[in-house]
Protein chains: 2
Amino acid sequence: MSIRHGLLALLSTGPRYGYQLRGEFEASTGATWPLNIGQVYTTLSRLERDGLVQPGEADDQGRVSYTITPTGREEMTRWFNTPVVHSDRPRDELVIKLAMALAAKETDITQVIRNQRTATMRTLQHLTRAKNTTHGTAQRLVLDSMIFQAEAEQRWLDHCEAILKEET
Amino acid sequence: MSIRHGLLALLSTGPRYGYQLRGEFEASTGATWPLNIGQVYTTLSRLERDGLVQPGEADDQGRVSYTITPTGREEMTRWFNTPVVHSDRPRDELVIKLAMALAAKETDITQVIRNQRTATMRTLQHLTRAKNTTHGTAQRLVLDSMIFQAEAEQRWLDHCEAILKEET
DNA sequence: ACAGCCATGTAACTTGTTACATGATTTT
DNA sequence: AAAATCATGTAACAAGTTACATGGCTGT
């Protein structure tokens, strides 16, 4: 529900039309999560369906601005006040993959780990380089989060390799 | 595509029926990601539709075992050999939330951070306790991954607070 | 008799996502 | 004139998820 709530939060400071919303969303998250413009419109329709936003009249250039409703504002506040918990999160594909490699007695599990480490290493390099071309605090924090996560992943991969070696 | 590939990987060591698959999946991931039994059947149907598995005849107790096809085996190998990259991953709700709190000039952004830190702390305690009742390497590695991630999250939250204070 | 587990399956829904169609305006 | 950007929108689909219906078997 990230995009849904993200757009809602952007609308909380005033009406916007679709194209503006994409711009502001990407200005915050940067190249990390590009947002397909089509998705903005589908999401806005669904927010409207659920009574969280309301479209206005099209202006002289055919642009339709959406306004947040009181219900929408409530929902946004609820979102900000409710922490993201562990069980809300989607299944982590990498973790499933290693767990299944173990269960399926994949012979090459250490190779799977090494492939992943190489890829994550490359990701870390991209992210570090990207930090130099960052504008604004939000973008920077998003990048830092990715970096922290990638580092944790590297540590976990090392840890997995160590434990698997132990078990031999 | 975690469940899809996960079930495929389990089937790679021999035919299984739905209920067995859920059991083995949960034996690996533990209480971390419980798998609704209905989802096993919907996923199996979709795997069949895509030619990756094939159902056999129902046995005397009405159980239908699925067998992986050559195409399915290929797909599984491809999965294991392809590292999970950064851009495959779903948007991280917490990161979006903080980025949007900044963009929306949420006054209480530090409160959002503090709420999250408390919740993550509690998660960490649960996870640490859960480690004592863990059986098997896979379950242990899954839990360790969650712990590493939660710790990275704590560090990131501290980092965010520090940077926001700096900017005042 | 009844609770609970084993076992299968379907219908309905959500979010996310992309491909496509359409046209106005702006820049080169 | 052509290319790029601004701008809206729809159709179609994937994957995940749950609620529900159904029935057999097992233990108390």
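Procedures and definitions
Residues numbered from 1 in each chain as written. Chains lettered and ligands numbered in written order. Predicted model: local features only at pLDDT ≥ 70, side-chain atom pairs only at ≥ 80, totals over all residues. Heavy atoms only, no water. Near = heavy atom within 4 Å. Polar contact = N/O pair within 3.5 Å; in protein donor to acceptor, adjacent residues only side chain to side chain. Helix = DSSP H or I, 4+ residues; strand = E, 2+ residues; numbered from the N terminus. Buried < 20%, exposed > 50% of the residue type's maximum accessible area, 1.4 Å probe, protein only. Contact = heavy atoms within 4.5 Å. Nonpolar A, V, L, I, M, F, W, Y, C, P; charged D, E, K, R; others polar. Salt bridge = Lys/Arg side-chain N within 4 Å of Asp/Glu carboxyl O.

## Examining the protein's contact with DNA strand D
And step 1. Around DNA strand D, 20 residues are found, and the nearest of them are Tyr41, Arg63 and Arg91 of chain A together with Gln39 and Arg46 of chain B.
And step 2. Among all atoms of DNA strand D positioned within 4 Å of the protein, those belonging to sugar or phosphate total 60%.
And step 3. Contacts to DNA strand D include Met1 of chain B, whose backbone N or O atom sits 3.4 Å from a phosphate oxygen.
And step 4. When residues of the surface near DNA strand D are traced back to their parent elements, those giving at least two are α2 (18-29) and α3 (37-49) of chain A together with α1 (2-11) and α3 (37-49) of chain B.

## With respect to helix α5 (residues 93-103) of chain B
And step 1. For α5 of chain B, the tally of buried residues reaches 9 of 11 residues, placing the bulk of the element in the interior.
And step 2. Listed as buried for α5 of chain B are Glu93, Leu94, Val95, Ile96, Lys97, Leu98, Ala99, Met100 and Ala101 of chain B.
And step 3. Tucked inside the fold, the buried residues of α5 of chain B contact α1 (2-11), α2, α4 (70-81) and α7 (137-166) of chain A together with α6 (109-130) and α7 (137-166) of chain B.
And step 4. One side-chain oxygen of the residue at the start of α5 of chain B lies 2.9 Å from the amide nitrogen of Leu94 of chain B, identifying that residue as Asp92 of chain B.
And step 5. Just downstream of α5 of chain B lies Lys105 of chain B, where phi reads positive at about 50°.

## Some remarks on the protein's contact with DNA strand C
And step 1. Close to DNA strand C lie 20 residues, the nearest being Gln39 of chain A together with Tyr19, Tyr41, Arg63 and Arg91 of chain B.
And step 2. Restricting the count to atoms of DNA strand C within 4 Å of the protein gives a sugar and phosphate share of 60%.
And step 3. Within the contact set of DNA strand C, a phosphate oxygen lies 3.4 Å away from a side-chain nitrogen or oxygen of Arg4 of chain A.
And step 4. Between DNA strand C and Arg49 of chain A, the relevant distance is 3.2 Å, taken from a phosphate oxygen to a side-chain nitrogen or oxygen of the residue.
And step 5. At the level of elements, α1 and α3 of chain A together with α2 (18-29) and α3 of chain B are the ones that each hand at least two residues to the surface near DNA strand C.
And step 6. Tallied by class, the residues present in the surface near DNA strand C amount to 7 nonpolar, 8 polar and 5 charged.

## Side note on the pattern of salt bridges
And step 1. Summed over all chains, the structure comprises 22 salt bridges over all chains.
And step 2. The partner of Glu161 of chain A in a salt bridge is Arg117 of chain A, and the shortest N-O contact between them spans 2.9 Å. Of this pair, Glu161 of chain A sits in helix α7 while Arg117 of chain A sits in helix α6 (residues 109-130), placing them 44 residues apart in sequence.
And step 3. Assessed through its relative accessible area of 16%, Glu161 of chain A is described here as buried.
And step 4. The partner of Arg140 of chain B in a salt bridge is Asp144 of chain B, and the shortest N-O contact between them spans 3.5 Å.

Bear in mind that shape data such as this cannot, by itself, settle questions of function.
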